[in-house]
Amino acid sequence: MSLFGTGAIGRIVRSGVGRRRVQTAVIAVATMMAVASAVVAGSLMVAATAPFDHAFERQRGAHLTALFDPARTIAAQLAGTGKRAGATATAGPYPSLVFRPVDRAGFRLPALTLAGRPGPGGAVDRLDLKSGRWARGSGEIVLDASFEGPALGIGATVRAGDTANALTLTVVGFAVSVSRTAQAWATPAQVAALAPAGSPVTRQMLYCFDSADTKEQMRAARERLTGSVGARALLGTQSWLDTKRAAEQGAAATVPFATAFGLLGLVMSVIIVSGVISGAVGTGLRRIGILKAIGFTPGEIVRAYVAQAMLPAGAGIALGVVLGNLLAVPLLSETEALYGNIPLAVAWWVNVTVPAAASVVVGLAALVPALRAGGLRTVDALAAGGSPRTGRGQWAHRLTGLLPLPRPVTYGLATPFTHPVRTLAMLLAVAFGTVAATFAVGLTSSLTAVGAAQDPESRAAVTVTTTRANTAAPPPPPPAPGGRPGPPLAHGHAAVPSPREAADPAQVRAAVTAQTGTESYYAKSETEVTAAGIPESLQATLYEGDARGGSYAMISGHWITGRGQVVVPTRFLERTGTTVGDTVRVTHEKETARLRIVGESFDTSGDGLQIHAALADFPSAEPTTFLVDVKAGVSADEYARKVAAVVQPLGGDATTNAPSGQEGVILVMSAMAALLTAMLVCVAGLGVLNSVILDTRERVHDLGVCKAIGMSPRQTTSLVLAPVTAIGALGGLLGVPAGYALHGLVMPVMGRAAGTVLPPAVLDVYEPVQLLLLGLGGAVLAVLGALVPAGWAAGTRTATALRTE
Amino acid sequence: MQQVIELKGVAKRYDSAGAPVLGPLTLDVAQGEALAVTGPSGSGKSTLLHLVAGLDQPTDGTVTVAGRRIDRLSERARARFRREHIGMAFQFFHLLDDLTVTDNIQLPARLAGAGRRDAAARADELMEALGIRKHARAYPGRLSGGERQRVAVARALVNRPALLLADEPTGALDSASGHDVRELLRELHRAGQTIVLVTHDLTLAEACASRTVHLVDGRIALDSRAQAVR
């Protein structure tokens, strides 16, 4: 007994697989690519949700982080709040404060929450120490792991502020808190020592609840807490649902497009497998007849033909699982780094479900034509296999023969009508390949547009600052899990300089205006403000001059055109319950301005809460950066050198701007899109290859006749390629609008997953020329897929072809 | 008399270590001559025909047809040569089933660059001459064997070839159809067409050919012209 029931069936399967080596390879490669895409898509889905939940569960993350006023509470009272609020576990109270350390190079890090904890463990929020050790005494600090890098490592020192007598702290470890309760930790005594005089540290309590899955449950928990200590004692709370949402946004955004690619891959696999097996049945009628004549039952025939698909498909599926796991590694390691010591791998159920589903789909795709083979009457199969085909496509030959084209071309153009189902399979393969390519082009263009929209500064040729560029790179802003920025860092990744090092903005402005090469410029200042309706401070960019060059892409409304206006991101509108046209009170230090919201910006930086207003509304704020466009013909480098020569002695600097770079997540998504598209386009090409091989083999005798009566190899090639080109062009014609529509469908879903609406600049990314080229790409893809069999047809010995019946 | 075919020391091996399936042999065919090549199965008749038609290349020797050496031409050049100088009719007709009779006949002319109108006129002329005009719009599958062979011969003659090659032209036909084809070939020979006819059918060879070459094991065992000279 063999794997296939009887030795005879096994022999038939092996010989069938061996006789159709190319088609066997096509099935294997198509299923491999589809399975690899699906495994990657599945992994991304898992990466979008599971890591946070796993890490949160493992760390016993805090569902609610609460800050209490030490003047209105005592530690013993806080210890009892857990029971009164219905918490299942509590930790704290921990002394905490917000401080802004300065590194050795003089750059101020973002404002960080520092919590005083005796160790990383506890009943709630058990921190993962990624490197180093916990702080044991004074002068030691543990930072969030996202700060770790070449500029800031174990043993590095930071000052607790930018005053001369600020305490120096040595970084002794890097840790991860999935619930984001703090971004820095020290001993409780150290935290108390860092508190400014007359400003005692706040008290942080961490709570776990049985029911904390909904906003309503979290609101109820907060209310119970407020009830237990009084509203004035509770300074603020942070829900784990917000942290989870922020953490999952990055990976969640990748799910829609990975799913789209996975589905495309699966559909294409079905097309390829059913096409190959249908072809095997169609071209093997005589063989089927002979098998039945010598005693094979219909069931054995069905099994034999399904097995001929399942053998290579099984190999392809196994390879696809391996390839998918390998491809998922870089994506998962990106995500893994954000969750501390949570090892991320492709989930076992992805590695089981995807191959199982692929096997079922491939099996069903093969079963339909195999059932046809099993159901054939022996005499019919023998007769059909032995007699020449007549009738099919003759009308097409009559019509195409009238076309004013070379005869080999018109003869070839009629052949698709001889096998309409095979033609349809080829058409679908090309169409889906074009869909994938069109979608990927749109996706990468949109992602590039997202990257560019987040970095409007890079549009200016030269940046002139009131501070000198430091040789040491500042540490990166700490991203929250999921890739979103954590505590605010001055926008544009430029750390806020110590005031004593800054040049006078007026002198820098004068230096810019005095330069003959200056075409236009605007100035801006990055600062923190507060806005009514939002308890925490916000990042604000305040502009001087015509700042249209630095405008963000607008979702609605318009960019600021003068004082009294503010542009805010979507999350600001959501948080404050305002809309474009409303007025909001914004306070900068001691100045408060009532600003009208004139636009909704596409801005996901600073937790999506960065606002933009005119510098003139806050007279005490001064510009720190001047963005300059130079006149045509003026070298930006030369301009920057000249301005630098003037402003450097004052404490400022001037540099040219590099084109906007892409963020890690965007790069990864773009690379994934390119890779998955390459796979699907290859599968489409293989689909064409399979169809053309079947056609060419079936027509080898006719081609031999054509060659015998004088058709040259080139004419034979054009005969084979003509119909393929036409089908490819039609596939492109169908695929481009479908890919365009898919992009229009998936991008907004990705945007929603990332918590934002996408502006037209990100959605309307296709150029007419691009679409035309993509359409032509369908024909090119089809021709590439058909080149090998066309070459084979042209090169086959005429005498051999004539002997083939 | 001008030679249409000149084979000099021609041999063909499919297995480099094995004996040749044909030759070495030397043979020429004069213009207007009708040569019948006979012999048992495996004697090399079809191989000889393929070499003369440029469908295959010899291992040794030279093949000159219509004054041009074709044994070292590229596939493309041989195809061009074939459509200009050689017409072929096969035992199983080798007609394209999805083309009408007239389209089958016109095809070599169109491949050779003839205009649609010229090709149609020539096809009409041949269909008229061969008595298949009424089948012009029909597909080969609906014709009798004899009619199909007439279509195949018409297709072979459409480019006014210097040489007509016929491979067992009556081999797949019943006796009545075989008779028709025999008469057709005789008429063509009488009209001055150079013909090489490969056949098992000695009656056909006697009826149509002015000369017979008998092959045995790839070599010429008998050449009726040489015998006549003797």
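To start, this report covers the structure provided alongside it. Source: prediction; values computed, not measured.

## A closer look at helix α6 (residues 215-229) of chain A
All names here are of chain A.
Argument step 1. The terminal C-alpha atoms of α6, which comprises 15 residues, lie 21 Å apart, in line with the 21 Å expected from a rise of 1.5 Å per residue.
Argument step 2. Restricting attention to buried positions, one finds in α6 the residues Met-218, Ala-221, Leu-225, Ser-228 and Val-229. Summarising the axial view, the buried residues of α6 lie within an arc of 85 degrees, below the 170-degree limit, and thus occupy one face. In α6, the exposed positions angled more than 90 degrees off the buried face are occupied by Lys-215, Glu-223 and Gly-227.
Argument step 3. Phi for Gly-230, located one or two positions after α6, is positive at around 95 degrees.

## Some words on the packing of aromatic side chains
All names here are of chain A.
Argument step 1. All chains considered together, the criterion is met by nine aromatic pairs over all chains.
Argument step 2. Judged by centre distance (6.2 Å) and plane angle (45 degrees), the ring pair of Trp-134 and Trp-185 falls under tilted. With a gap of 51 residues between them, Trp-134 in the loop between β5 (128-132) and β6 (140-144) and Trp-185 in strand β9 (residues 184-186) connect regions that are remote in the sequence. Grouping residues by exposure puts Trp-134 and Trp-185 together as buried.
Argument step 3. Here a set of aromatic residues connected by ring pairs shows up, and it is made of Tyr-522, Tyr-543, Tyr-552 and Trp-559.

## A few points about the nonpolar core
Argument step 1. If you look at the biggest cluster of nonpolar residues, it comprises 125 residues, and the most contacted ones within it are Phe257(A), Phe261(A), Leu7(B), Leu48(B), Leu163(B), Leu165(B) and Val196(B).
Argument step 2. Ranked by residues supplied to this core, first place goes to helix α18 (residues 664-698) of chain A with 13 residues.
Argument step 3. In this view, Leu163(B) contacts Val4(B), Ile5(B), Val52(B), Val65(B), His85(B), Ile86(B), Gly87(B), Gln193(B), Thr194(B) and Val196(B); residues no more than four positions away in its chain are not counted.
Argument step 4. Within the second largest apolar cluster, 44 residues are counted, among which are Phe56(A), Leu78(A), Leu143(A) and Ala145(A).

## Overview of a nonpolar patch on the surface
Argument step 1. A contiguous nonpolar patch, built from Trp395(A), Leu399(A), Leu402(A) and Phe417(A) and spanning about 440 Å² of accessible area, is present on the exposed surface.
Argument step 2. Relative to the helices and strands, Leu402(A) is located in the loop between α12 (394-400) and α13 (407-413).

## Here's the deal with the interface of chain A and chain B
Argument step 1. Contact residues are listed per partner, giving 34 residues for chain A and 26 residues for chain B.
Argument step 2. Both sides of the chain A and chain B interface together cover about 2,800 Å² of buried area, and 55% of this is carbon and sulfur.
Argument step 3. For the chain A face of the interface with chain B, the top three residues by lost area are Gln394(A), Arg407(A) and Ile709(A), together amounting to 23%.
Argument step 4. Seen at the junction of chain A and chain B, the total is zero salt bridges.
Argument step 5. Scanning the region where chain A abuts chain B turns up twelve residue pairs in polar contact (both at pLDDT 80 or more).

## Quick look at the side chain of Asp653(A)
Residues and elements named next belong to chain A.
Argument step 1. Relative to the assigned elements, Asp-653 resides in strand β21 (residues 653-656).
Argument step 2. A residue is classified by how much of its surface remains accessible, and Asp-653, at 7% relative accessible area, is buried.
Argument step 3. Engagement of the side chain of Asp-653 in a polar contact is seen with the side chain of Gln-648, the distance being 2.9 Å.

## Quick notes on the sheet that holds strand β3 (residues 34-38) of chain B
For sheets, the rule is that strands pair by backbone hydrogen bonds, running either parallel or antiparallel.
Residue and element names in this part refer to chain B.
Argument step 1. Read across the sheet, six strands follow the order β6-β7-β8-β3-β9-β10 without closing on themselves; strand pairing throughout is mixed. For this open sheet the edge positions go to β6 (86-89) and β10 (219-223), each flanked by a neighbour on one side alone. Within this sheet the neighbouring strands show an average axis-to-axis angle of 20 degrees, counted without direction.
Argument step 2. Where β3 lies against strand β9 (residues 211-216), four bridges are found, and the strand directions are parallel. Residue pairing across strands places Leu-35 opposite Arg-211, the latter belonging to β9.
Argument step 3. In the packing of helix α6 (residues 175-190) onto the sheet, the strands contacted are β3, β7 (163-167) and β8 (194-198), and the crossing angle to β8 comes to about 150 degrees.

Calculation rules
- All residue numbers refer to positions counted from 1 along the written sequence of the respective chain.
- Whichever chain is written first becomes A and whichever ligand is written first becomes 1, with later ones labelled in order.
- Only residues with pLDDT of at least 70 get local features here, since the model is predicted, and only at 80 or more are side-chain atom pairs given and counted; chain-wide, interface and lining totals rely on the full set of residues.
- Here the side-chain values reflect all heavy atoms present in the structure, with hydrogen atoms and water set aside.
- What counts as a helix is a DSSP run of H or I of at least four residues, what counts as a strand is a run of E of at least two, and both are numbered from the N terminus.
- Here the expected span of a helix is defined as 1.5 Å times the quantity of residues minus one.
- When accessible area is computed with a 1.4 Å probe and restricted to protein chains, residues below 20% of their type maximum are described as buried, those above 50% as exposed, and intermediate ones as partly exposed.
- Arc, as used here, means the arc of the directions from the helix axis to the C-beta atoms.
- Here a Phe, Tyr or Trp ring, Trp counted by its six-membered ring, pairs with any other such ring whose centre lies within 6.5 Å, and the pair is stacked when the planes are under 30 degrees apart, edge-to-face when over 60, and tilted otherwise.
- As used in this record, nonpolar core signifies buried Ala, Val, Leu, Ile, Met, Phe, Trp, Tyr and Cys residues forming a set joined through side-chain atoms within 4.5 Å.
- What makes two residues a contact is simply this: any of their non-hydrogen atoms within 4.5 Å.
- Patch definition: residues above 30% relative accessible area lacking any salt bridge, with like charges linked at up to 9 Å and the nonpolar side chains Val, Leu, Ile, Met, Phe, Trp and Tyr linked at up to 5 Å.
- All accessibility values rest on the Shrake-Rupley procedure with a 1.4 Å probe; residue burial counts only the protein chains present in the view.
- The salt bridge criterion pairs a side-chain nitrogen of Lys or Arg with a carboxyl oxygen of Asp or Glu, the two atoms within 4 Å.
- What counts as buried area is the accessible surface, traced by a 1.4 Å probe, that two parts surrender upon association, with contributions from both included.
- Think of a polar contact as two N or O atoms within 3.5 Å of one another; within protein, one of them needs to be a possible hydrogen donor and the other a possible acceptor, and neighboring residues in sequence only count if both atoms come from side chains.
- One bridge is not enough; two strands pair if DSSP finds at least two bridges between them.
- Structural elements are reduced to axes, namely lines fitted to C-alpha atoms, with helices fitted over the stretch in contact, and the angle between N-to-C directions of any two is expressed from 0 to 180 degrees.

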